[in-house]
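Remarks on the overall topology
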Amino acid sequence: MICYAVNAHRHVGAGAPAQGGTRAEYGNRLPHQPGGNSTASIAGYYTKFKNRIQSITTFQEGGGSTTETFYQNVGRVESYGVEASGTYMPAFLNGLAYANANVTYNNAKFQDDIVASVTYATSGKYIPDSAKWIVSGGVTIEPASWLVANISGKYTSKRWSTFTNTAGSSVPAYTVFSGYVDIGDGWSFGPVKSIKARFNVDNIFDKDTLSYISSSVTGDGSFRPLSPRTFQFTISGEI
């Protein structure tokens, strides 16, 4: 299946003025069965804004770690990229396991300098908190109708925290792994039906890194760390 679309749109966010942009997409989906069941798809895109509205976070004077977010017209912004994804289920495993993967390349840059009381050299700089590469994938195992287990990983490349891409203001790349186990297949206990249990582990290897970015124009942004290893257990049912 091949698809192509071009559209012009205006974005309106809470507390932010409207911004106009044009987006073009081209994609191709390729079912394939090399001795098993597999699917693959790839799509490319190009987005252009004439007046991009970007959020900016600053620390309030005398407010300690309190921040304030406002919106700024940063002029023209262009981005383009490719996203590829696929799923593979080997025939010799008879549905016991399958794997999936997704790769995204994104190149997003300012096309103008920001002119205010001073001029900030943002033309040609990367949009903050915009990773150039995101790669994710996982393996799912289903040994029985009542048991499903999955482990997945996600790689996020370096991201800038400032509009001017100030040296030292980037967040390094990192990889995080998660997993889950689902137990249950229509089990019942008294009046409770469809009992299921799930056990989740996020950030399996307890990766210690910065994750969330609040961007600023220059200097350095503000950050929040990635959540540490987290365990969750849930039981659900219907009455």
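Residues numbered from 1 in each chain as written. Predicted model: local features only at pLDDT ≥ 70, side-chain atom pairs only at ≥ 80, totals over all residues. Heavy atoms only, no water.

The subject of this paragraph is the nonpolar core. Core analysis: the largest hydrophobic core is formed by nine residues, namely F49, V74, V77, A108, F110, I114, I127, F163 and V217. If we skip the residues at most four places from it in the chain, V74 touches R52, Q54, F110, D112, I114 and F163. (Core = buried A, V, L, I, M, F, W, Y, C linked by side-chain atoms within 4.5 Å. Buried < 20%, exposed > 50% of the residue type's maximum accessible area, 1.4 Å probe, protein only. Contact = heavy atoms within 4.5 Å.)

Attention now goes to unusual backbone geometry. In this structure, N165 takes a positive phi of about 50 degrees despite not being glycine. Along the polypeptide, N165 turns up in the loop between β12 (159-160) and β13 (170-171). Its relative accessible area of 12% is what places N165 among the buried residues. In the Ramachandran plot, S194 falls in the positive-phi region, its phi being about 50 degrees despite a non-glycine side chain. Considering the arrangement of structural elements, one finds S194 in strand β15 (residues 192-202). In this structure S194 comes out as partly exposed when scored by relative accessible area, which is 28%. (Helix = DSSP H or I, 4+ residues; strand = E, 2+ residues; numbered from the N terminus.)

Charged atoms that come close allow side chains of opposite charge to pair. With the rule as written, the count across this model stands at three salt bridges. Of the charged contacts, one joins D112 and R76 as a salt bridge, the two residues approaching to 2.8 Å between their closest N and O atoms. In this pair, D112 sits in the loop between β7 (97-110) and β8 (114-115) while R76 sits in the loop between β5 (67-73) and β6 (77-90), placing the two residues 36 residues apart along the sequence. (Salt bridge = Lys/Arg side-chain N within 4 Å of Asp/Glu carboxyl O.)

Here the focus is the confidence of the model for the protein chain. Per-residue pLDDT for the protein chain has a mean of 84; in total, 78% of the residues score no lower than 70. In this model residues 1-17 is a low-confidence stretch, pLDDT under 50, and it forms 43 contacts with partners more than four residues away in sequence or in other chains. (pLDDT = per-residue confidence, 0-100.)

Moving on, we get to the environment of T234. Here T234 lies in strand β18 (residues 230-238). A relative accessible area of 46% places T234 in the partly exposed class. Discounting chain neighbours no more than four positions away, the residues touching T234 are K196, A197 and R198.

Here the focus is a nonpolar patch on the surface. Taken together, L96, V139, I141, I151, F177 and F205 make up a surface patch of nonpolar side chains, about 520 Å² in accessible area. Locating F177 in the fold gives a position in strand β14 (residues 174-189). What makes F177 partly exposed here is its relative accessible area of 32%. (Patch = residues over 30% accessible without salt bridge, like charges linked within 9 Å, V, L, I, M, F, W, Y side chains within 5 Å. Areas by Shrake-Rupley, 256 points an atom, 1.4 Å probe, with all protein chains shown as cover.)

What follows concerns the side chain of N203. Of note, N203 is situated in the loop between β15 and β16 (210-214). We classify N203 as buried; its relative accessible area is 4%. With sequence-adjacent residues up to four places away left out, N203 is seen in contact with V176, F177, S178, L226, S227, P228 and R229.

With that settled, the discussion passes to the packing of aromatic side chains. On inspection of all chains with the given rule, the structure shows five aromatic pairs. Summarising the aromatic geometry, the rings of W146 and W187 are spaced 6.1 Å apart at their centres and angled 35 degrees between planes, so their arrangement reads as tilted. Here W146 is found in the loop between β10 (133-144) and β11 (147-156), whereas its partner W187 is found in strand β14, with 41 residues between them in sequence. The residue whose ring lies beneath R198 is Y180, and the NZ or CZ to ring-centre distance is 4.1 Å. Lying over the aromatic face of Y212, R224 brings its terminal NZ or CZ to 4.2 Å of the ring centre. (Phe/Tyr/Trp six-rings, centres within 6.5 Å; stacked < 30°, edge-to-face > 60°. Lys NZ or Arg CZ within 6 Å of the ring centre and 35° of its normal.)

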